[in-house]
Every structure is written in C-alpha cells, then in structure tokens.
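Spelled out from the first residue to the last, the chains are:
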Amino acid sequence: MQYTITQSSKALDAVRKLFPDSSRRTLQNWIKAGRFHIDGNPLSHDNQQLLEGQVLRAENSCRPQLIPGLKVLHEDRYLIAIDKPTGLLSVPLDEGLTKRHVLGLLRDHFQSDQIFAVHRIDRETSGCLLFARGKDSEQALKLLFEKHDLTREYFAIVEGRMKDKNGSWHSRLMELENYDVVESETGKDAITHFTVMHCSPKYTYLKLQLETGRKHQIRVHCSKAGHPVLGDDRYGSSENPIRRMCLHAWKLELVHPFTKKRLTITSPIPAPFKKLGGNRF
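Fair warning: this is a prediction, and the values are worked out from it, not measured in the lab.

Comments concerning the overall build of the protein chain
(1) Moving on: Per the secondary structure count, the protein chain includes 6 helices and 18 strands.
(2) Moving on: Structurally, the protein chain occupies a C-alpha span of about 70 × 40 × 35 Å along its principal axes.
(3) Moving on: Burial analysis of the protein chain (281 residues in total) assigns 51% to the buried set.
(4) Moving on: Long-range contacts, defined here as pairs at least 24 residues apart, represent 59% of the contacts in the protein chain between residues at least 6 apart.
(5) Moving on: Carbon and sulfur atoms make up 46% of the accessible area of the protein chain, which amounts to about 14300 Å² in all.
(6) Moving on: Taking the average place of the 43 positive charges on the side chains of the protein chain and the average place of its 33 negative ones, the gap between the two points comes to 5 Å.

Remarks on the nonpolar core
Generally speaking, a soluble globular protein has its nonpolar side chains buried in company with each other.
(1) Moving on: Core analysis: the largest hydrophobic core is formed by 32 residues, its most contacted members being I82, L106, F131, L206 and L208.
(2) Moving on: For this core, the element with the highest residue contribution is helix α3 (residues 102–110), accounting for 5 residues.
(3) Moving on: When residues no more than four places from it in sequence are discounted, the contact partners of L106 are I67, L70, I80, I82, I115 and F131.
(4) Moving on: Ranked by size, the runner-up nonpolar core spans 17 residues in total, among them L12, V15, I31 and F36.

Remarks on the environment of D83
(1) Moving on: Here D83 lies in strand β9 (residues 79–84).
(2) Moving on: For the pair D83 and G104, spaced 21 residues apart in the sequence, the C-alpha separation amounts to 15 Å.
(3) Moving on: Residue contacts for D83: discarding those within four places in its chain leaves K71, L73, G127, H248, S267 and P268.
(4) Moving on: For D83, the side chain forms a polar contact with the side chain of S267, separated by 2.8 Å.

Concerning the sheet that holds strand β4 (residues 41–42)
(1) Moving on: In spatial order, the strands read β1-β6-β3-β4; together these 4 strands make up an open sheet with antiparallel pairing. Both edges of this open sheet fall to β1 (2–4) and β4, since each of them pairs with a single strand only.
(2) Moving on: Of the strand pairs in this sheet, strand β3 (residues 36–38) and strand β6 (residues 55–58) are connected by 3 bridges, and their pairing is antiparallel. Across the sheet, the residue bridging to H37 is R57, located in β6.

Re empty space enclosed by the protein
A probe matching the size of a water molecule, rolled over the atoms, marks out where space remains unfilled.
(1) Moving on: Enumeration according to the criterion identifies 1 cavity of 30 Å³ or more in this entry.
(2) Moving on: Of the voids in this model, the largest cavity is the one considered here, and its volume is about 40 Å³.
(3) Moving on: Every residue along the wall of the largest cavity is listed here: H119, C128, R152, E153, Y154, A249, K251 and L252.
(4) Moving on: Mapped onto the lining of the largest cavity, the elements with two or more residues apiece are β12 (151–159) and β17 (247–255).
(5) Moving on: The residue inventory of the lining of the largest cavity, partitioned by class, reads 4 nonpolar, 1 polar and 3 charged.

A word on helix α5 (residues 217–224)
(1) Moving on: The buried fraction of α5 amounts to 6 of the 8 residues, a majority that puts the element mostly inside the structure.
(2) Moving on: Considering only its buried residues, α5 is in contact with β12, β13 (166–175), β14 (181–183), β15 (188–199), β16 (203–210) and β17.
(3) Moving on: G226 sits one or two residues past α5 and shows a positive phi near 90°.

Procedures and definitions
Residues numbered from 1 in each chain as written. Predicted model: local features only at pLDDT ≥ 70, side-chain atom pairs only at ≥ 80, totals over all residues. Heavy atoms only, no water. Helix = DSSP H or I, 4+ residues; strand = E, 2+ residues; numbered from the N terminus. Buried < 20%, exposed > 50% of the residue type's maximum accessible area, 1.4 Å probe, protein only. Contact = heavy atoms within 4.5 Å. Areas by Shrake-Rupley, 256 points an atom, 1.4 Å probe, with all protein chains shown as cover. Lys, Arg positive; Asp, Glu negative; His and termini not counted. Charge placed at Lys NZ, Arg CZ, Asp CG, Glu CD. Core = buried A, V, L, I, M, F, W, Y, C linked by side-chain atoms within 4.5 Å. Polar contact = N/O pair within 3.5 Å; in protein donor to acceptor, adjacent residues only side chain to side chain. Pairing = 2+ DSSP bridges. 1 Å grid on protein atoms, 1.4 Å probe; cavity = no way out; pocket = protein on both sides within 12 Å on 5 of 7 lines; lining within 4 Å. Points joined across faces, edges and corners; volume = space filled by probe spheres on them. Nonpolar A, V, L, I, M, F, W, Y, C, P; charged D, E, K, R; others polar.

Written out as structure tokens, the structure is:
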C-alpha cells in the first residue's frame, strides 16, 4: 500500500491518509516500529516533513510492539496475535466480574475499539491468541474458524501413561448452566486429534490438534479418556505440581485472508512445563 504526497505535510498527516480509521497513537506506534518508508527510506518520526511527489509506502507488517502485560507474536494491519499468559481472560466474562482481559488491554493500548476477538482460549490456558483489526478482518478471520480452515495445535501434560500412541476423540459437547461442559447427544460435534510425544512414569506428553473448537474441548476429551490435563481439577485432575493447568496453545497456522501468504504463529513451551519433562516436545 502506498500514497504519493500531494502537498508538503507532516509524516503523521500523510500516514493518516493511508489509515484514516486508526487512532493517532496507533499510527505513532507503527511509525516507531518501522512500518513506513518514504522514497525507500525508513520514516524516522511522526513530525518528519514530507514533500510533494514523495512516495509513502506501508509494509503489511512491522516489528511487534511492546504492550504492557502481553507479548506480541505477530502484528500487521489486519490482525494481531499475542502470547496469552495463564490466568488472564481472553475477553470479558458475561458476568462482568473483571475488567482485565486481553481484548481490553489491546484496545487500551491502541486506543481503538476496532480490535475484535475471533476465538478465545481458557483463562487457565496459555499461548497463541488471535485478534482482528477492523470489521472486514473480523469477518474474514471468523469465517476461517467457522470452516476450520486453519491449524490449531496444543501441547498438554496429562495424568497417567496413555496406551494409544495417536488417535482421535469424537463426541458431542454441551455447556451446562454452571459453565461446565459435558458429553451430550444434543451437544455440538467436537473432534480432537492426539499424538503421544513421550511418557514419563507418571505423565503423558501430548500434541493435540483441534478439528473443532468447542469450549473446554481438549480438557473434557482428555478427562473422558481417563487422562485429565495435569492441574485441571475442574475435570478430574488430582495433581497440580506447577500451580497451573498444563495446557498450552503452541501453534496457529493459516493462509492470511488478505495477503494470501501462509502465516505460522508459534508460542514457546512454558519453562515450568519443561521442568516436568516437556522439554522433549
């Protein structure tokens, strides 16, 4: 995307011609992150004087920004992916009991209400979480999730030693009024594929791929298989050696709906997992 300067102006004013819906703070952050070039040279600051005839170019992505409380894994004009820490909500609770959640942190940082959640991961789960920037991006990304036209992989440590080395769990899941999820003939299809990476005397280390993305899907499937996710007392775990649930969203892979390039986003396995033997993943 580019714009030819029609009259002498400050860089911030010119950049706004390319992104009229973005806030001043967002544009300033993008300039600092090195997203813009003028006649092939990096734009240095928002007050830089640009001359008529010069060509301002915007890159599709830029260096990830520093956002207090969050690590950015990928950022471009259409979407932003972050590494969600355990214990932090993806979006506000329906009950409105807390104001601290990833969506709120992003909207506060960018001073924009044009950032939208397109999926979520549980508060106790860490890892890759994707947000749309703008309504067009929201619709495009939600369509990818609805069609399951992307790869979502998780890493989990579960209790006990699993006999099967790989396979799939297929059930129908329904959410109860108390927010627990159970198997039910009237529920929605839920499919999880699993591969055993290795086993220790007490635990099994799994790579899991979601074919569907129902609430608590992996947690319920592991529990029903007789191997609850370690630290997940809600679904039957009796141990919690690192004081957190051992479930991590480690990879998202998709064809970018706008650039059409394959995008792979990964989050490192948390250090506490490695202390429990997860370093062989």
